[in-house]
Amino acid sequence: MCLDVLRALSREADAAMDVLRTLIDETRGLPGAAEAVAFIGNTFGRADSERVARLAVEKLAMLAAAAALNCVSPQSAELFAATRLAENHASMYGAVDFANEEIRGLLERALP
């Protein structure tokens, strides 16, 4: 699937860049967002982009998720970006080190 996404983005380069520009605007200032955008942009331009397609598409999905979350809950988006974009971890859900007040804020949002 990642190769399919990458190939589709290659065929529609202008549309892909428009989406990336929108994500840049919607994630500006979030931890790791600028680095994720740079990685994704560099991947699109590489001759061997298929070799790192999975990483690029995963970063693209995480960036899009951070942008969507930032529209509804900037505080949660900040935590999400800090743990999913700025830090490199092996997709182990729940394996992040949040402070007590951050956990409390997330729980209060999820369980009002």
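Note on numbering: residues in each chain are counted from 1, in written sequence order. Residue-level local features of this predicted model are given only where pLDDT is at least 70; pairs of side-chain atoms are given and counted only at 80 or more, and the full residue set underlies all totals for whole chains, interfaces and linings. In computing side-chain properties, one takes all heavy atoms of the structure into account and sets aside hydrogens as well as water.

Examining the overall build of the protein chain
Working definition: helices are DSSP H or I runs of at least four residues, strands are E runs of at least two. Numbering for both runs from the N terminus. In terms of helices and strands, the protein chain carries six helices and zero strands. Relative to its full complement of 112 residues, the protein chain shows a buried share of 27%. Relative to all contacts within the protein chain whose residues are 6 or more apart in sequence, the contacts with residues 24 or more apart total 56%. Method for areas: the Shrake-Rupley scheme with a 1.4 Å probe, in which residue coverage is limited to the protein chains shown. Accessible surface for the protein chain amounts to roughly 7300 Å². Of this, 56% is attributable to carbon and sulfur atoms. The buried label goes to any residue with under 20% of its type's maximum accessible area, the exposed label to any with over 50%, and the partly exposed label to all in between, with areas taken from a 1.4 Å probe on protein chains only. Contact criterion: two residues are considered in contact whenever any of their non-hydrogen atoms come within 4.5 Å of each other.

Description of the nonpolar core
Counting residues in each nonpolar core, the largest one holds 15 residues, and the members touching the most others are Leu-20, Leu-23, Leu-30, Ala-33, Ile-40, Leu-63 and Leu-85. For this core, the secondary structure elements donating two or more residues are α2 (13-27), α3 (33-45), α4 (53-72) and α5 (74-84). Per-element tally for this core: the top contributor is α4, with five residues. Apart from the residues within four sequence positions on either side, Leu-20 is in contact with Val-37, Ile-40, Gly-41, Phe-44 and Leu-63. Throughout, nonpolar core names a set of buried Ala, Val, Leu, Ile, Met, Phe, Trp, Tyr and Cys residues whose side chains join them through atoms within 4.5 Å.

Focus on a nonpolar patch on the surface
Patches in this entry comprise residues that are over 30% relatively accessible and not in a salt bridge; like charges within 9 Å are linked, as are nonpolar side chains (Val, Leu, Ile, Met, Phe, Trp, Tyr) within 5 Å. Whenever Lys or Arg places a side-chain nitrogen within 4 Å of a carboxyl oxygen from Asp or Glu, that contact is recorded as a salt bridge. Together, Ile-103, Leu-107 and Leu-111 make up a nonpolar patch on the protein surface, roughly 290 Å² of accessible area in all. Residue placement: Leu-107 occurs in helix α6 (residues 100-110).

Considerations on the packing of aromatic side chains
Stacked, edge-to-face and tilted labels apply to pairs of Phe, Tyr and Trp rings (six-membered ring for Trp) whose centres lie within 6.5 Å, assigned for plane angles under 30 degrees, over 60, and everything in between, in that order. Counted under the stated rule, the structure contains zero aromatic pairs. As a reminder, the over-ring test applies to NZ of lysine and CZ of arginine, requiring each to be within 6 Å of the ring centre and within 35 degrees of the ring normal. Positioned above the aromatic ring of Phe-39, the side-chain terminus of Lys-59 is 5.9 Å from the ring centre.

Structural notes on the environment of Thr-43
Relative to the assigned elements, Thr-43 resides in helix α3. Residue classification places Thr-43 among the buried residues on the basis of a relative accessible area of 1%. Here the alpha-carbon distance between Thr-43 and Leu-55, two residues twelve residues apart in the chain, equals 9.2 Å. For Thr-43, the side chain forms a polar contact with the main-chain oxygen of Phe-39, separated by 2.8 Å. Here a polar contact is taken to be a pair of N or O atoms separated by no more than 3.5 Å, where protein atoms must pair a possible hydrogen donor with a possible acceptor and residues adjacent in sequence count only if both atoms sit in side chains.

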